[in-house]
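# Observations on chain architecture
The residues making up each chain are set out below.
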Amino acid sequence: MSTDMGMPPVLSPEEAEKQVLLAAPRGYCAGVDRAVVTVEQALDLYGPPVYVRKQIVHNKHVVAELEKRGAIFVEEIPEVPEGATVVFSAHGVSPEVHRESAERNLKTIDATCPLVTKVHHEAKRFANEDYDILLIGHAGHEEVEGTAGEAPEHIQLVEGPEDVANVVVRDPAKVAWLSQTTLSVDETLATVDAIRERFPLLLDPPSDDICYATQNRQLAVKEIAKDSDLVIVVGSGNSSNSVRLVEVALEAGAGSSYRVDDASEIDEAWLAGVSTVSVTSGASVPEELVQGVLAFLAERGYPDARAVHSAEESLVFALPKELRRDLKAARIAAEG
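Now for a look at the structure at hand. Starting from 1, residues in each chain are numbered consecutively following that chain's sequence as written. Selection of residues for local features in this predicted model requires a pLDDT of at least 70, selection of side-chain atom pairs for listing and counting requires 80 or more, and totals for whole chains, interfaces and linings are taken over all residues. As a convention, hydrogens and water are excluded, and side-chain values are obtained from all of the structure's heavy atoms.

## Brief notes about helix α2 (residues 30–46)
For the purposes of this entry, the term helix denotes a DSSP run of H or I that reaches at least four residues, the term strand denotes a run of E that reaches at least two, and both are numbered from the N terminus. Working rule for helices: expected span equals 1.5 Å times residues minus one. Taking 1.5 Å per residue, 17 residues should reach 24 Å; α2 reaches 24 Å between its end C-alpha atoms and fits that length. If you check which residues of α2 are buried, you get A30, G31, V32, R34, A35, V36, T38, V39, A42 and L43. Looking one or two places after α2, you find G47, whose phi comes out positive at around 85°. Under the scheme applied here, a residue whose accessible area is under 20% of the maximum for its type counts as buried, over 50% as exposed, and between as partly exposed, the area being computed with a 1.4 Å probe on protein chains only.

## Topic: the packing of helix α8 (residues 212–225) against helix α9 (residues 240–251)
Here the axes come from fitting lines to C-alpha atoms, over the contacting stretch only for helices, and the angles between their N-to-C directions go from 0 to 180 degrees. Put simply, α8 and α9 touch, their axes get as near as 9 Å, and they point 30° apart. In terms of orientation, α8 lies roughly parallel with respect to α9. For α8 against α9, the interelement crossing comes out right-handed. Listed contacts from α9 to T214, R217, Q218, V221, K222 and A225 of α8 are N241, R244, L245, V248 and A249. Polar here means any residue outside two lists: the nonpolar Ala, Val, Leu, Ile, Met, Phe, Trp, Tyr, Cys and Pro, and the charged Asp, Glu, Lys and Arg; Gly therefore counts as polar. In terms of residue class, the contact of α8 with α9 is made up of 5 nonpolar, 3 polar and 3 charged. Roughly parallel means an angle under 35 degrees; roughly antiparallel, over 145; roughly perpendicular, 65 to 115; everything else is oblique. Each crossing gets its hand from how the near helix is turned against the far one by less than a right angle, where anticlockwise is left-handed and clockwise is right-handed. By the convention used here, residues are in contact when the closest approach between their heavy atoms is within 4.5 Å.

## Section: the packing of α2 against helix α11 (residues 321–335)
Each pair of packed helices can be summarised by the angle the axes make with each other and by the distance between the axes. With their axes 11 Å apart at the nearest point, α2 and α11 run at an angle of 35° to one another. With respect to the hand of their crossing, α2 and α11 are arranged in left-handed fashion. Contacts between α2 and α11 involve T38, Q41, A42, L45 and Y46 on the former and, on the latter, E322, L323, D326, L327 and A330. In the contact of α2 with α11, the residues fall into 6 nonpolar, 2 polar and 2 charged.

## Examining α11
Across its 15 residues, α11 extends 21 Å between first and last C-alpha, which sits within 8% of the 21 Å expected from 1.5 Å per residue. Among the residues of α11, E322, L323, D326 and L327 are the ones counted as buried. The buried side chains of α11 occupy one side of the element, clustering within an arc of 125° when seen end-on. Opposite its buried face, α11 presents the exposed residues K321, K328, I332 and E335, each directed more than 90 degrees away. Of the surrounding secondary structure, the elements contacted by the buried residues of α11 are α2 and β5 (107–110). Arc, as used here, means the arc of the directions from the helix axis to the C-beta atoms.

Keep in mind these numbers describe shape, not what the thing actually does.
See below:
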């Protein structure tokens, strides 16, 4: 004779239909984690204030938390007092920023993501070989400005396939392309195809410049979007990779998709008639913000999220060498 002991609670038909899918991987990538920890460690080691050029990563919650601890965010180097400590953001800076910092006698800590640094090296190499470089990216983005600054006389910005017709090069046989690391993979390849149609001898970078975290988060959202009535992307509006996740979700078949900084920005009207909600987050988003969204959904009758794994990430980047050196010196002094 069967009993109800140990059986799950009986759900209403409406509740039984509801589900939440949680993308994995999501959130912090190795480059973002390194940059945020760099500012935290710098504050602990040197004491506040520590200045940061631009947002260390594109997330307003992360920036606000670091400001509480004594970080001061500035737009440009002249805003930093002479002799102070300044951290360069994960998005990278141009050689001109390094020169300005030296002129002001600043102690600099470079938290540029190593994958962005790789693109900078590629830009310098192509320029040294006298190629015209077509940089695929978004005008005004810090990463694009930093990369373009490595070889401004060789680099032209191409924002999309529609820009390709206006490109002018010195020698069609000596054209190479690079890209902003946080773009949509599909978007970038469409632009590369358009460039190659005009310049068949187009030279590719030695490796794919779209970073592993951007690719993995886009693959993860594609995996869940096709079965979703609604995809919620947690991330700030100035986060390129977060904005792209919304676009990728819609292209993959999601009924609707919205970006929010946190649960407070969710419009309950989005949930009307929605059975399957999927949740993901951009590469600069703390996990606690995702958990806030899941709690919001739980309060409205959606069950615990089911993680959908599409890739495993284990990459870890060492802290900037300048900071590692000073941390080591502080340890030795403390032990002595």
